[in-house]
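Residue-level listing of the chains:
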Amino acid sequence: MNLQVTPRFSAITVALLSASIGLSSLAANAAPAKPAVLKEQGVVVCPDMSALWQDRKDDDRYMSPPVPIGMPPSAPPPIPAPVVLSGARPLAPQVAAAQQAAASAAVVHAKAAHASAARYVSKARGITPGMQLPERNTENYAHFKDNALTRTDDNPVSTFSIDVDTGSYANVRRMICGNDRIPADAVRVEEFLNYFRYSRNEPRDAGKPFAISTEYATAPWNNGRTLMMVGIKGYASRASSPPPANLVFLIDTSGSMESEDKLDLVKYSLKQLVKSLRPVDRVAIVAYAGSAGLVLPSTPGSNKSAIIEALDRLDAGGSTNGGEGLELAYKVARENFRKDGANRILLATDGDFNVGNFNGESLKTYVASQRSSGVALTTLGFGEGNYNDEMAEQLADVGNGRHAYIDSPLEAQRVMHDEMQSVMQTIAKDMKIQVEFNPAEVAEYRLIGYENRVLNEADFSNDRVDAGEVGAGQQVTAIYELTPAQSAAKGTSPRRYGSSEAATSTAAGNGEIANISIRYKLPNQDNSTLVSQPVLASALQRPSESLRFAAAVIGFADLLRGGTNIGNWHWADVIRTANSAVGRDADGTRRQFVGLAKLADRQLAGTAVEPKP
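Residues numbered from 1 in each chain as written. Predicted model: local features only at pLDDT ≥ 70, side-chain atom pairs only at ≥ 80, totals over all residues. Heavy atoms only, no water.

A. Looking closely at the packing of helix 8 (residues 322-335) against helix 9 (residues 360-369). Viewed as axis vectors pointing N to C, helix 8 and helix 9 meet at an angle of 5 degrees, and their least axial separation amounts to 11 Å. For the element pair helix 8 / helix 9, the angle class is roughly parallel. For the pair helix 8 and helix 9, the contacting residues are G323, L326, E327 and Y330 in the first and L363, Y366 and V367 in the second. Class assignment for the residues of the contact of helix 8 with helix 9 results in five nonpolar, one polar and one charged. (Axes fitted to C-alpha atoms, helices over the stretch in contact; angles between N-to-C directions. Helix = DSSP H or I, 4+ residues; strand = E, 2+ residues; numbered from the N terminus. Parallel < 35°, antiparallel > 145°, perpendicular 65-115°, else oblique. Contact = heavy atoms within 4.5 Å. Nonpolar A, V, L, I, M, F, W, Y, C, P; charged D, E, K, R; others polar.)

So this is what it looks like as structure tokens:
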């Protein structure tokens, strides 16, 4: 029996195999493989990039798998010829010609894939011949220490600015899903808490643009302590539409942005926002690398195709002059200013500024000086390896904006479509919270998180001190851990000479544990309004679903930072508590959190967390 063997691979198969030749020897040096798709109660725990591939399916740069930075692919193979075993009959001329044409087409695809992979390598992070390759991981996070347990006798007043950022949670999720080491300073517990929605009192009208909710219950990790949760929810009118938007997309197109999770994800993310633009909204696009330029002048939201085409034309390469980009973006925003609209710059970057004005303090001073123009700055962080979280987060803080981190198309949809709708409509600005504790009821307290938002007591009444903004429908959550006056669980040692007797104020005998005061300004006002309400000791109750879930989030974040504030609580306690408080979970974020905690328990517990300095 005569056997004849001929190539039966499709052109695409040959192309992919060709592009893969030479990569197997690099496997040992490649980054750890991402975990397989993991689901928790039907919700994906680690979002992937599949939606991104659909968005740019015709882009030849992604015909082959990504190549590790600095590792050039091998040359493509020669054209494969038909294989004929000895003794086999020759192929018919038409069949042989067809096979040869298919093989030639396959190699064309392979060469394109090979060229694109080489282009990926040479342009990633701005690499040029002779340039020294950067370190594998140069991510930057601002150092901070957890708020300390404070004696109420010494200082009964705690003051801080609100914060609606969520970037820390999404960034740390990316690290857990990638089995990466987690710097303790990357974990900001208030951004973990504010990533989730909780049951809150509803504001009744725009005259008082937010409602305050409080809850008081025993701490799950220490029966001798309690948790006091303060929740704020902004007013969202269903009858009126958001004000017209004047937006400037400020996009980092430097060489460091050349990867799937950076510039391509930036484009996808901004397109989600473009889809929801109205004819009254306008968008301009500024890009910066070694220098800055206007890619698209201010364009009405009705011309979505022009905006999307301008985004699609962007490519990455060169150094990063973020300072020049900011200056041009503010200039464009001022030129198209809408007096009664939302004027905002959306900076999409990995934060890796390296030419021009890239001094962090200088950039913060410049952005702070632009607040009076009425233009806010929101920062959107992308990528890994060189991500400058400190720069992105702090620029948003001083720019009257919000900081988010986008690790996947799924997070892009959440941030750009859902969250940005409320960000675009500020209902209260310069919002500060001040809590005065009653020494007769509370011996000690600790504000959980908000370390970089703590203010001096006198700052609360000073309307010139900047603070955070709240958008329509947004929530803010803050939690204090308290030691009741009669509890044996005090964390500070008794003093020989100092402790005062029980407070002699009116509140000492009426069971108030604290008085919560909030100052805020309406968007077009310069003078603040004060609202206050007490919290009674009699309000102590079994923790609600919201407080139980928030406690699990606190435990999760604390374990990632070293686990010094939650007694003997461990991952199993976090998972059990979160599971009991999933509730309706319409957006799936709570179930995803449970899955992430399980993944952290397997991958990170005691092995992959960098200790606090």
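Now that the structure is up, let's keep going.
B. Geometry of the nonpolar core. With 54 residues, the main nonpolar core has I176, F192, I479, F556, L560 and F593 as its most contacted residues. The element contributing the most residues to this core is helix 12 (residues 545-560), with eleven residues. Sequence-distant contacts of I479, that is, excluding residues within four places in its chain, are made with L193, L227, M228, M229, R446, L447, I448, L547, A550 and I554. Formed by 36 residues, the second largest nonpolar core is a distinct cluster that contains M257, L265, L346 and L380. (Core = buried A, V, L, I, M, F, W, Y, C linked by side-chain atoms within 4.5 Å. Buried < 20%, exposed > 50% of the residue type's maximum accessible area, 1.4 Å probe, protein only.)

C. Spotlight on the state of the cysteines. If you walk through the whole model with that rule in mind, you get one disulfide. Across the disulfide from C46 sits C177; the S-S distance is 2.0 Å. Handedness of the C46-C177 disulfide follows from its S-S torsion of about -85 degrees: it is left-handed. One end of the pair, C46, is in the loop between strand 2 (43-44) and helix 2 (50-55); the other, C177, is in helix 4 (residues 167-177), with 131 residues separating them in the sequence. The two residues C46 and C177 agree in class, both being buried. (Disulfide = S-S within 2.5 Å.)

D. Quick look at the sheet that holds strand 6 (residues 222-234). Within the open sheet, the five strands sit side by side as 3-14-16-6-5. Their pairing is antiparallel. At either margin of the open sheet sits one strand with a lone partner, and together these are strand 3 (150-151) and strand 5 (210-219). Pairing between strand 3 and strand 14 (residues 442-448): two bridges, direction antiparallel. Looking at the pairing, T150 lines up with Y445 of strand 14. Packing against the sheet, helix 12 makes contact with strand 5, strand 6, strand 14 and strand 16 (475-484), and its axis sits at approximately 105 degrees to strand 6. (Pairing = 2+ DSSP bridges.)

E. Expanded view of the pattern of salt bridges. The final tally for this structure, using the stated rule, is 25 salt bridges. With a closest N to O distance of 3.5 Å, R453 and D163 form a salt bridge. Of this pair, R453 sits in the loop between strand 14 and strand 15 (468-471) while D163 sits in the loop between strand 4 (157-161) and helix 4, placing them 290 residues apart in sequence. We note that R453, like D163, is buried. Residue D281 is joined to R278 by a salt bridge in which the shortest nitrogen-to-oxygen separation is 2.9 Å. Of the residues examined, D281 reaches a relative accessible area of 3% and is grouped as buried. Each member of the salt-bridge network shares a partner with another, and the members are R173, D407, E411 and R414. (Salt bridge = Lys/Arg side-chain N within 4 Å of Asp/Glu carboxyl O.)

F. Main features of the packing of aromatic side chains. Here the structure, examined in full by the defined rule, presents 19 aromatic pairs. Judged by centre distance (4.9 Å) and plane angle (85 degrees), the rings of F210 and Y520 are edge-to-face. Highlighted residues: F210 in strand 5 and Y520 in strand 17 (residues 512-521), separated in sequence by 310 residues. Exposure remark for F210: the relative accessible area of 2% places this residue in the buried category. With a relative accessible area of 4%, Y520 lands in the buried category. Put simply, the rings of Y169, F192, Y195, F196, F549, F556, W571 and F593 pair up and form one aromatic cluster. Over the face of the ring belonging to Y195 we find R414, whose NZ or CZ atom lies 3.9 Å from the ring centre. (Phe/Tyr/Trp six-rings, centres within 6.5 Å; stacked < 30°, edge-to-face > 60°. Lys NZ or Arg CZ within 6 Å of the ring centre and 35° of its normal.)

G. Spatial organisation of the layout of surface pockets. In this structure, the second largest pocket encloses a volume near 940 Å³. Forming the walls of the second largest pocket are 32 residues, and the residues nearest its centre are G374, N400, K429, P523 and N524. Of all the secondary-structure elements, those providing two or more residues to the lining of the second largest pocket are strand 10 (342-349), helix 9 and strand 13 (426-437). By residue class, the composition of the lining of the second largest pocket is nine nonpolar, eleven polar and twelve charged. (1 Å grid on protein atoms, 1.4 Å probe; cavity = no way out; pocket = protein on both sides within 12 Å on 5 of 7 lines; lining within 4 Å. Points joined across faces, edges and corners; volume = space filled by probe spheres on them.)

H. Representation of the side chain of E444 in the model. Position of E444 among the secondary structure elements: in strand 14. Notably, E444 is buried but unbridged: the nearest opposite-charge side chain belongs to R225, and the N-O separation is 4.2 Å. A polar contact of 2.8 Å, which involves the side chain of E444, links it to the side chain of T483. In this structure the side chain of E444 is engaged in a polar contact, spanning 2.9 Å, whose partner is the backbone nitrogen of G491. Each residue touching E444, except ones within four places of it in the same chain, is listed here: L149, T150, T152, R225, E481, L482, T483, A489, K490, G491 and T492. (Lys, Arg positive; Asp, Glu negative; His and termini not counted. Polar contact = N/O pair within 3.5 Å; in protein donor to acceptor, adjacent residues only side chain to side chain.)

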